[in-house]
Amino acid sequence: MSKNKVTREEALAFHLNPTPGKFEVTATVPMTTQRDLSLAYSPGVAVPCEEIAANPETAYDYTTKGNLVAVISNGTAVLGLGNLGALASKPVMEGKSVLFKRFADVNSIDIELDTEDPEAIINAVKLMGPTFGGINLEDIKAPECFIIEQRLKEEMDIPVFHDDQHGTAVICAAGLINALHISGKKIEDVKIVLNGAGAAGIACIELLKSMGARHDNCIVCDTKGVIYQGRTEGMNQWKSAHAVKTDLRTLEEAMVGADVFLGVSVKGAVTPDMVAAMADNPVIFAMANPDPEITPEEAHEVRVDAIVATGRSDYPNQVNNVLGFPYLFRGALDINARAINDEMKIACANALAELAREDVPDEVALAYGRNLSFGRDYIIPTPFDPRLIYRIPPAVAKAGMDTGAARRPIIDMEAYELSLKTRMDPTASILRGIHARAKAAQARMIFAEGDDVRVLRAAVQYQRSGLGKALVVGREADVREKLETAGLGDAVRELEIVNAANTRHLETYKEFLYQRLQRKGLDRHDIHRLAARDRHVFSALMLAHGHGDGLVTGATRKSAHVLELINHVFDADAAHGAAGITALLRKGKIVLIGDTLVHEWPEANDLADIAERAAGVARHLGLEPRVAFVSFSTFGYPRSERAQKMALAPDVLEARGVDFEFEGEMTVDVALNPKSAEAYPFSRLSGPANILVVPARHSASISVKLMQEMGGATVIGPILTGVDKSIQICSTNMTETDILNMALLAACKVG
């Protein structure tokens, strides 16, 4: 949190808005008519009940059980915050549920149990067994977590997985496989030192031993020192299982000649001298959070040959559990597994290690702002690698099938992998790519409306997220007051506040504007009023003179009015080829609609221009453009003069020889629904359109707002394209997150 300067106010606002918490439950079946209700509940629901009573396995067919995981905690070991109790752990458990959905499309419900009695937790979870396809235990302190997990594994017939133990162990194992590969060592030969004999540490060493590490080569340490045979102080049965016959008594002694150090303990537990005493090409996994046992800089200062991993995202080689648990459960659920066994965990680790050795997709490198290739600084895949979803679950599922853990083995693994590819929402990677490109651009972003708290919050987020410099147009006293009211009073020192009263460029701006507008009925007085008093014009003048790299405006005024003001400074009108393209994101699909801002009633040539502008935006977003000119008719029927221009526009594009797919005129269902399109085998579109060019601005506006209000679509835009400088015009109903997204688009020069 400190690295990204996330404040308490921002964190609380994120969990409060737009509704309290981080997820909601939605129906997957229609619930509108009386018949729907009769099927969903009484009397229709009796039929699947009878089927399940006769054959319990059919619960996976007729209920959500097969894709539902419970995230269960009692809050006794929350993140690094300690024993906060069940209720205070709920935000973390909700977050875990969201990660399940985001990374592997696993539905998840968080359950916080208000007890520290292991027996009570065991009984509660067992009683909930029929509801879920899997149990993810979270943030339960040791040694109770060992007792609870072991008993539940023995007594339940669904996967039970304590992520603090086994999630860390799996990612640690994946990284170690590759680290040893680079250093030319074998796991059965290396000397491993573990510091931290809690849940994660014990799980790590147990998994590595099951993968071939020799018991006598593994030294486990805790706060009392080395765990050796005969030690009695601070021992329990789980530590005793890893006691070795040795004269070593301290971590410092154990580190001499060690090949591998694994740390799940505390900041500063390892000194540079300890690292210097390790064997050649030492592997150091300093996984304490938020601060590692030793930083990579400190380790490399004494050992340039060290391979270092931490638990932090701001260093290479992050040991991040999100690489494991979503995909382990995805594979386990898809075979209706009885358990997640060691073989499945090892398969997950091996698959992760193999993935890291392959070429990294450009979009991943872009997201991290640097080239990634297998080596000392890249031994573990990144959490946003899109291949994880279709590479890891099949490996887990196959291991589950091979070891008899599967109730329903997967017959066609190729089809399974394909289904995983189509399962995830592509819009997340699109937005992530925009964010990465914006961060790389480091644009000086002008936020024109410094009197609006949403704009100020977006500007602060832009600055604190390391995206670039935020320039806020407004009066300093007003900005300061609004930031303080929003709980961001300290941010006033970070932002650059600009207005006509404190810029030395005003006269230059006014002269420039006078030269543009003197023959359009505006005199010097009018020019002064526009340049010195209108924030939209003033901001546009800043941009025109290179005093900023991008502009975000429009959150407080109607888009058409703001565009009119921008046109005083730039040629942002239909005559000069400008267009407004709006992106609609809904249930994993993205569709661009144009023109939503500039053209009132475009003709065929204008429609072709809009299509080309939209194709450019699509490619900026990582989409291969497929344009449909949509109307109420399809390929000439029913005949109408109003639809004729939509039929002519494709001819214009064909004459221009554009390098993207297009077709029309057609109705929206033919454009978007493959089944409807089957009636027109001659269509030039190879798949559903992702760009809809509509007959007029009013139809574009209606379409967007209808999808937003009735369909629940996320709206990005309108994206202003075809203007010399990067300008994005917000809508008045946008949230601070929406405004920030518009700033990202401006920074990326998507327009």
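Criteria and cut-off values
Residues numbered from 1 in each chain as written. Predicted model: local features only at pLDDT ≥ 70, side-chain atom pairs only at ≥ 80, totals over all residues. Heavy atoms only, no water. Helix = DSSP H or I, 4+ residues; strand = E, 2+ residues; numbered from the N terminus. Rg over C-alpha atoms; globule rule 2.2 N^0.38 Å. Contact = heavy atoms within 4.5 Å. Areas by Shrake-Rupley, 256 points an atom, 1.4 Å probe, with all protein chains shown as cover. Lys, Arg positive; Asp, Glu negative; His and termini not counted. Charge placed at Lys NZ, Arg CZ, Asp CG, Glu CD. Patch = residues over 30% accessible without salt bridge, like charges linked within 9 Å, V, L, I, M, F, W, Y side chains within 5 Å. Salt bridge = Lys/Arg side-chain N within 4 Å of Asp/Glu carboxyl O. Axes fitted to C-alpha atoms, helices over the stretch in contact; angles between N-to-C directions. Parallel < 35°, antiparallel > 145°, perpendicular 65-115°, else oblique. Left-handed = near helix turned anticlockwise from the far one by under 90°. Nonpolar A, V, L, I, M, F, W, Y, C, P; charged D, E, K, R; others polar. UniProt positions renumbered as here; feature names shortened; annotations may be inferred. Pairing = 2+ DSSP bridges. Core = buried A, V, L, I, M, F, W, Y, C linked by side-chain atoms within 4.5 Å. Buried < 20%, exposed > 50% of the residue type's maximum accessible area, 1.4 Å probe, protein only. 1 Å grid on protein atoms, 1.4 Å probe; cavity = no way out; pocket = protein on both sides within 12 Å on 5 of 7 lines; lining within 4 Å. Points joined across faces, edges and corners; volume = space filled by probe spheres on them. Domains from an automatic or database assignment. Phe/Tyr/Trp six-rings, centres within 6.5 Å; stacked < 30°, edge-to-face > 60°. Lys NZ or Arg CZ within 6 Å of the ring centre and 35° of its normal. Expected span 1.5 Å × (residues − 1).

Undergrad: Can you lay out the overall build of the chain for me, pointing to particular residues and giving the numbers?
TA: A tally of helices and strands in the chain yields 31 helices and 21 strands. At 30 Å, the chain has a C-alpha radius of gyration in line with the 27 Å of a compact globule built from 751 residues. Put simply, 70% of the contacts in the chain that link residues at least 6 apart link residues at least 24 apart. Roughly 33600 Å² of accessible area belongs to the chain as shown, and the carbon and sulfur atoms make up 52% of that amount. When the 79 basic and 98 acidic side-chain charges of the chain are each reduced to a single mean position, those positions are 3 Å apart.

Undergrad: So, a nonpolar patch on the surface: which residues are in play, and what are the values?
TA: On the surface, a nonpolar cluster with roughly 260 Å² of combined accessible area is contributed by Val29, Met31 and Leu37. Looking at the element boundaries, valine 29 is found in the loop between α1 (8-16) and α2 (34-40).

Undergrad: So what's going on with the packing of helix α26 (residues 604-620) against helix α27 (residues 641-656)? Residues and values would help.
TA: As a packed pair, α26 and α27 sit with axes 8 Å apart at the nearest point and diverge in direction by 60°. Relative to α27, the element α26 lies oblique. Here α26 and α27 pass one another in a crossing that is right-handed. Here α26 contributes Ala604, Asn605, Leu607, Ala608, Asp609, Ala611 and Glu612 to the contact with α27, which in turn contributes Lys645, Met646, Leu648, Ala649, Val652, Leu653 and Arg656. For the contact of α26 with α27, the residue count by class is nine nonpolar, one polar and four charged.

Undergrad: So what's going on with the UniProt feature "domain: Malic enzyme N-terminal" (unreviewed entry) in the chain? Which residues, and what values?
TA: UniProt's feature table lists "domain: Malic enzyme N-terminal" (unreviewed entry) at residues 20-153, given in the numbering used throughout. The span residues 20-153 is 41% helical and 12% strand by assignment, and the distance between its end C-alpha atoms comes to 34 Å.

Undergrad: Mind laying out the sheet that holds strand β10 (residues 307-310), listing which residues take part and the relevant values?
TA: Through backbone hydrogen bonds, the strands of a sheet pair up, either in parallel or in antiparallel fashion. Spatial ordering of the open sheet is given by β7-β6-β5-β8-β9-β10, a layout of six strands whose pairing is mixed. A strand with exactly one partner marks an edge of an open sheet, and here the two such strands are β7 (225-226) and β10. As judged from the four bridges shared by strand β5 (residues 192-195) and strand β8 (residues 260-263), these two strands associate in the parallel manner. Counterpart to valine 193 in the pairing with β8 is phenylalanine 261. Where helix α8 (residues 163-183) meets the sheet, it contacts β8, β9 (283-286) and β10, and its direction lies at approximately 160° from that of β9. Across the face of the sheet, helix α9 (residues 199-210) comes into contact with β5, β6 (218-222) and β8 while running at roughly 160° to β5.

Undergrad: For the nonpolar core, give the residues involved together with the corresponding values.
TA: Counting residues in hydrophobic clusters, the biggest one holds 98 residues, and the most contacted among them are Ile135 and Phe285. The biggest single contributor to this core is α8, with nine residues. Dropping the residues within four chain positions of it, phenylalanine 285 is found in contact with Cys172, Gly175, Leu176, Phe261, Leu262, Gly263, Ala309, Val319 and Ile379. Among the nonpolar cores identified, the runner-up in size contains 66 residues, and Val460, Tyr462, Val472 and Ile581 belong to it.

Undergrad: Can you lay out the pairing of β9 for me, pointing to particular residues and giving the numbers?
TA: Successive side chains on a regular strand alternate, one facing one side of the sheet and the next facing the other. Neither face of β9 is exposed, since Val283 and Phe285 on one face and Ile284 and Ala286 on the opposite face are all buried. In terms of strand pairing, β8 meets β9 through four bridges, oriented parallel. Paired with valine 260 across the strands is valine 283, a residue of β9.

Undergrad: Residues and numbers for the layout of surface pockets, please.
TA: For the second largest pocket, the calculated volume is near 540 Å³. Together, 22 residues line the second largest pocket, and Ser559, Ser701, Lys705, Pro718 and Ser731 are the ones closest to its centre. Where the lining of the second largest pocket is concerned, the elements lending two or more residues are α25 (559-566), α30 (697-709) and β20 (714-721). The residue makeup of the lining of the second largest pocket, split by class, is six nonpolar, ten polar and six charged. Built from parts of two domains, the lining of the second largest pocket gets at least three residues from each of domain 4 (436-568) and domain 5 (576-722).

Undergrad: Give a detailed account of the sheet that holds strand β21 (residues 726-729), specifying residues and quantitative values.
TA: A sheet is described by the order of its strands in space; here five strands give the open sequence β13-β12-β11-β14-β21, paired in parallel fashion. Of all the strands in the sheet, the pair left with one neighbour each is β13 (496-498) and β21. Put simply, the sheet's adjacent strands are angled 20° from each other on average, direction ignored. Across the sheet, α25 is in contact with β14 (550-553) and β21; its angle to β21 comes to roughly 155°.

Undergrad: Before we move on, can you summarise the pattern of salt bridges with the specific residues and values?
TA: Where charged atoms of side chains with opposite charge meet at close range, the side chains can pair. A full pass over the atoms with the stated rule returns 45 salt bridges. Of the charged contacts, one joins aspartate 385 and arginine 387 as a salt bridge, the two residues approaching to 2.7 Å between their closest N and O atoms. As far as the burial class goes, aspartate 385 and arginine 387 line up, both buried. Across the pair arginine 524 and glutamate 511 runs a salt bridge whose closest N-O atoms are separated by 3.0 Å.

Undergrad: Talk me through the UniProt feature "active site" (unreviewed entry) in the chain; I want residue IDs and the actual numbers.
TA: Sequence positions flagged by UniProt for "active site" (unreviewed entry) are, in local numbering, Lys96. Residue position: lysine 96 is located in helix α5 (residues 90-104). A relative accessible area of 8% places lysine 96 in the buried class. In contact with lysine 96, not counting residues within four places along its chain, are Val71, Asn136, Glu138, Asp163 and Phe325.

Undergrad: Residue-level account of the packing of aromatic side chains, with values.
TA: Inspection of every chain in the model, using the stated rule, returns eleven aromatic pairs. Taken together, the ring pairs connect Phe100, Phe161, Phe325 and Phe329 into an aromatic cluster. Across from the ring centre of tyrosine 514, 3.7 Å away, lies the NZ or CZ of arginine 524, which sits over that ring. In this structure, lysine 645 is placed above the aromatic ring of tryptophan 601, and the distance from its NZ or CZ to the ring centre is 3.3 Å.

Undergrad: Before we move on, can you summarise helix α14 (residues 325-334) with the specific residues and values?
TA: Most of α14 is tucked away, with nine of its ten residues classed as buried. Along α14, the residues classified as buried are Phe325, Pro326, Tyr327, Leu328, Phe329, Arg330, Gly331, Ala332 and Leu333. Downstream of α14 by one or two residues, asparagine 336 has phi in the positive range, about 50°.

Undergrad: Describe the packing of helix α23 (residues 524-533) against helix α24 (residues 535-544), with residues and values.
TA: For the pair α23 and α24, interaxial distance at closest approach is 5 Å and the crossing angle is 80°. For the element pair α23 / α24, the angle class is roughly perpendicular. On α24, the residues touching Leu530, Ala531 and Arg533 of α23 are Arg535, Val537, Phe538 and Leu541. For the contact of α23 with α24, a count of residues per class yields five nonpolar, no polar and two charged.

Undergrad: Please give an account of α8 that cites residues and values.
TA: Taking 1.5 Å as the rise per residue, α8 with 21 residues should run 30 Å; its terminal C-alpha atoms sit 29 Å apart, in good agreement. Along α8, 17 of the 21 residues are buried, which leaves the element largely enclosed by surrounding structure. Where α8 terminates, the next one or two residues include glycine 184, which has phi positive at roughly 70°.

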